[in-house]
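The chain contents come next:
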Protein chains: 2
Amino acid sequence: MDAKDDSQPGPTVGEVGELEVLDRIVRRLPAGDPVIGPGDDCAVLAAPDGRYVVTTDMMVHGPDFRWAWSSPEDIGWKAAATNLSDVAAMGATPTGLVIALAAPQDTPVSVLERFADGVRLAVEALAPACGVVGGDLSTSSTFTVSVTAFGDLGGRAPVLRSGAEPGDVVAVSGELGRAARGLARLFRDGVDAAGEPSRAATVASGADADSDALRQRRPVPPIADGVAAAGAGATAMLDLSDGLAIDGGRLARASRVTLDLDPTVVEEGPALHGGEDHGLLATFPPGMPLPAGFRRIGSVRERGEHDVLRGGRPVPTSGWDPYADWDGAAG
Amino acid sequence: MDAKDDSQPGPTVGEVGELEVLDRIVRRLPAGDPVIGPGDDCAVLAAPDGRYVVTTDMMVHGPDFRWAWSSPEDIGWKAAATNLSDVAAMGATPTGLVIALAAPQDTPVSVLERFADGVRLAVEALAPACGVVGGDLSTSSTFTVSVTAFGDLGGRAPVLRSGAEPGDVVAVSGELGRAARGLARLFRDGVDAAGEPSRAATVASGADADSDALRQRRPVPPIADGVAAAGAGATAMLDLSDGLAIDGGRLARASRVTLDLDPTVVEEGPALHGGEDHGLLATFPPGMPLPAGFRRIGSVRERGEHDVLRGGRPVPTSGWDPYADWDGAAG
């Protein structure tokens, strides 16, 4: 399925043109509370802290999503949620997003409206004080979304990946492995007889309504837990985008420590290796109560030969590489 | 020509993988002076003013550039320069950029290195205190660059499009029409017998060395003049991305005034209708000396039937629409 094979597609962006597309989208987006919003050369945001955090992430049709499995609302939700999660992982509160979007000329305007609805729903659910303060509309052969998100540290130090100390508690907020189980379900049941992603097969098999697949399509990062972790003295933190093993390896290398995960609370399989959960992995000084939302999953050791252990045994920490591993398929 | 038809292409991004590509690019980019630079979930920037300006712009292979005419350095330069220009147009000083880039898997790593060189050269030439503080690398069937730029207002009010008053002087900084003349030269001489963009024809015809074509490929926005205009009391300002007529229309509508351009200083043709010059259009109170870099090109009138006049006669202010007008060609 293509973005244009919508049930009630209506006119395309090429038929109505940029100004009407922009007008139809902007009214669906959350405004937030910028000093100056969209419509000028730049937006202006307040930085009461005197600093601001910035992250950017691009989603591309093919390597990052398939229309057979994700609706336009899903893509909008995920583009917002994954960037909000990176802001939370610094211990910051999201304050604004800018969104650049390039769509093929035969894309129905309704697809872009539904994308904007997904952005709004995610912001309302995850970071209601945040808004879309600016953007750019382009055309491309490949549907592409690029989001940049901003946040305020509220006077606190940013929580980096590099501050974990031996003896710290390793903790996580959010569920582990559900997004990977959901994606596996889509790859298994959401394909036609030739193995190609298929909307019809996704619906017919029930994979469309699978709660894990929904988590993969619409991640629910625990945004407020990032600020709570910073307030509780977290020594290091990052967003779990590529899975506990890979992201744990990043935190371990940045902090020059080894993480030892508790095999009684971290199972082998998707919980350890699955990506796209967008929970928060953090380390806390020992002997302190963990903030609400976090649970202990291991401890920090002096740096050894490996980045991540599970019950003392090494865990591989390399992962999917978009350049080397994408097979070129879209769907 | 394709990005991969480089004379010494070397390994592709698919062959070396994301981490090595990232490593090779980051060392070529200007670091600037962020509180926290690339490598964590977010960068952290200082906002001494308590506010910051934000703009985003996407460049897509096909509608926005062709490899037959633009080198990777050109694309990097232009992606940086056009965003820096939007920051300047608020009266702000550029402080940081984040860059998301998606390249086909068969793109030589050298193309991305040369792109990074172009970004660095533009920043060094135009806004040397600015740096690239973060980014995202992805893969895509379509080479796509998305830049978000930030700036500091230094305690001044942002100069919006909406503040022009009847009686104000209309002024411009930067050359008018050169980029459009350069692009016209490329469309005329940089094509093969079938009319397709051709690197060989571009070089053989000398269009590659044409100084106007160079301005189209590597615009030189007068970044410091933006702050100077704000300091001199500019009442409205914007970046000339789509040409004096179209962008003048935007300023006129936002300010609810009519601009009357002086036919003795603004010629018909590229100076009036050509895009991509990335100069600054600003309005100033009457009877004051214009800041260095700006020259008078007309005056602001009470709002009439038309947005823009030239010697009292209406100038059309509609323009190129990427959704409606791109013919789908790449090259």
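Keep in mind that this is a model prediction, so the values were computed, not measured.

**Student:** Tell me about the sheet that holds strand S7 (residues 236-239) of chain A, and name the residues and values.
**Tutor:** Residues and elements named next belong to chain A. What the seven strands build is an open sheet, ordered S7-S9-S6-S10-S8-S11-S12; its pairing is mixed. Of all strands in the sheet, those with a lone pairing partner are S7 and strand S12 (313-314), marking the two edges. Sheet topology places strand S6 (residues 169-173) next to strand S10 (residues 294-302); five bridges connect them, and they run antiparallel. Across the sheet, the residue bridging to Ala-171 is Arg-296, located in S10. Contacting S6, S7, strand S9 (280-284) and S10, helix H8 (residues 223-231) runs over the sheet at an angle of about 10° to S9.

**Student:** Please provide a residue-by-residue account of the packing of helix H3 (residues 72-88) of chain A against helix H4 (residues 109-126) of chain A, values included.
**Tutor:** Residue and element names in this part refer to chain A. At their nearest, the axes of H3 and H4 sit 6 Å apart, and the two run at 40° to each other. Judged on the interaxial angle alone, H4 and H3 are oblique. As H3 packs across H4, the resulting crossing turns out to be right-handed. On the side of H3, the interface is formed by Pro-72, Glu-73, Ile-75, Gly-76, Trp-77, Ala-80, Ala-81 and Leu-84, while H4 contributes Val-111, Arg-114, Phe-115, Asp-117, Gly-118, Val-119, Leu-121, Ala-122, Val-123, Ala-125 and Leu-126. Within the contact of H3 with H4, the residues separate by chemical class into 14 nonpolar, two polar and three charged.

**Student:** Go over the relation of the copies chain B and chain A, please, and point to the residues and values.
**Tutor:** Mapping chain B onto chain A calls for a screw motion: a turn of 180° about the axis and a shift of 0.0 Å along it, with 0.0 Å RMSD after fitting. Such a combination of turn and shift is consistent with a two-fold rotation axis. For chain B, the residue whose C-alpha comes nearest the rotation axis is Gly-50 of chain B, separated from it by 2.6 Å. A symmetric contact is evident, with 100% of the interface residues of chain B recurring at the interface of chain A.

**Student:** Provide a residue-level description of the UniProt feature "binding site: Mg(2+) 5" (unreviewed entry) in chain A, including the pertinent values.
**Tutor:** Residue and element names in this part refer to chain A. The positions UniProt marks with the feature "binding site: Mg(2+) 5" (unreviewed entry) are Asp-242. Position of Asp-242 relative to the elements: it lies in the loop between S7 and helix H9 (244-255). Setting aside residues no more than four positions away along its own chain, Asp-242 makes contact with Asp-247, Arg-250, His-273, Gly-274, Gly-275 and Glu-276.

**Student:** Account for the pairing of strand S8 (residues 257-261) of chain A, naming residues and giving values.
**Tutor:** Put simply, side chains in a regular strand alternate between the two faces of the sheet. Residues and elements named next belong to chain A. The buried fraction of S8 amounts to five of the five residues, a majority that puts the element mostly inside the structure. Residues Val-257, Leu-259 and Leu-261 line one face of S8 and the alternating positions Thr-258 and Asp-260 line the opposite face, and both faces are buried. The sheet contact formed by S8 and S10 spans five bridges and is antiparallel. For Asp-260, the partnering residue across the bridge sits in S10 and is Ser-299. Bridge count for S8 against strand S11 (residues 308-310) is three bridges, and the pairing is parallel. Residue pairing in the sheet places Leu-259 in a bridge with Val-308 of S11.

**Student:** With reference to specific residues and values, describe the domain arrangement of chain A.
**Tutor:** Residues and elements named next belong to chain A. Assigned domains of chain A: these are domain 1 (13-152), domain 2 (169-174 + 222-314) and domain 3 (181-216). Taken over C-alpha atoms, the centre of domain 1 sits 29 Å from the centre of domain 2. Here domain 1 packs against domain 2, burying approximately 890 Å² in sum over the two surfaces, 63% of which is carbon and sulfur. Its largest share of buried area at the contact with domain 2, domain 1 owes to Ser-85, Ala-88 and Ala-89, together 44% of the area lost on that side. Linking domain 1 with domain 2 are one salt bridge, by the criterion used here. Glu-276 is paired through a salt bridge with Lys-78; the nearest N and O atoms lie 2.6 Å apart. The tally of links between domain 1 and domain 2 comes to two residue pairs in polar contact (both at pLDDT 80 or more).

**Student:** Tell me about the UniProt feature "binding site: Mg(2+) 2" (unreviewed entry) in chain A, and name the residues and values.
**Tutor:** Under the UniProt annotation, "binding site: Mg(2+) 2" (unreviewed entry) lies at Asp-57 and Asp-86 of chain A. A maximum C-alpha distance of 9.4 Å among these annotated residues, which run over 30 residues, shows that they cluster at one spot. Mapped onto the elements, Asp-57 of chain A comes out in strand S2 (residues 51-60). Not counting the four nearest positions on each side in its chain, Asp-57 of chain A is found in contact with Thr-82, Asn-83, Val-145, Ser-146 and Val-147 of chain A together with Asp-136 of chain B. Here Asp-86 of chain A shows up in helix H3. With a relative accessible area of 11%, Asp-86 of chain A lands in the buried category. Look past the residues within four positions of Asp-86 of chain A in its chain and what remains in contact with it is Thr-55 and Asp-239 of chain A together with Asp-41 and Cys-42 of chain B.

Cut-offs and rules
- Residues numbered from 1 in each chain as written.
- Chains lettered and ligands numbered in written order.
- Predicted model: local features only at pLDDT ≥ 70, side-chain atom pairs only at ≥ 80, totals over all residues.
- Heavy atoms only, no water.
- Pairing = 2+ DSSP bridges.
- Helix = DSSP H or I, 4+ residues; strand = E, 2+ residues; numbered from the N terminus.
- Contact = heavy atoms within 4.5 Å.
- Axes fitted to C-alpha atoms, helices over the stretch in contact; angles between N-to-C directions.
- Parallel < 35°, antiparallel > 145°, perpendicular 65-115°, else oblique.
- Left-handed = near helix turned anticlockwise from the far one by under 90°.
- Nonpolar A, V, L, I, M, F, W, Y, C, P; charged D, E, K, R; others polar.
- Least-squares fit on C-alpha atoms with pLDDT ≥ 70 in both.
- UniProt positions renumbered as here; feature names shortened; annotations may be inferred.
- Buried < 20%, exposed > 50% of the residue type's maximum accessible area, 1.4 Å probe, protein only.
- Domains from an automatic or database assignment.
- Buried area = accessible area lost by both parts, 1.4 Å probe.
- Salt bridge = Lys/Arg side-chain N within 4 Å of Asp/Glu carboxyl O.
- Polar contact = N/O pair within 3.5 Å; in protein donor to acceptor, adjacent residues only side chain to side chain.

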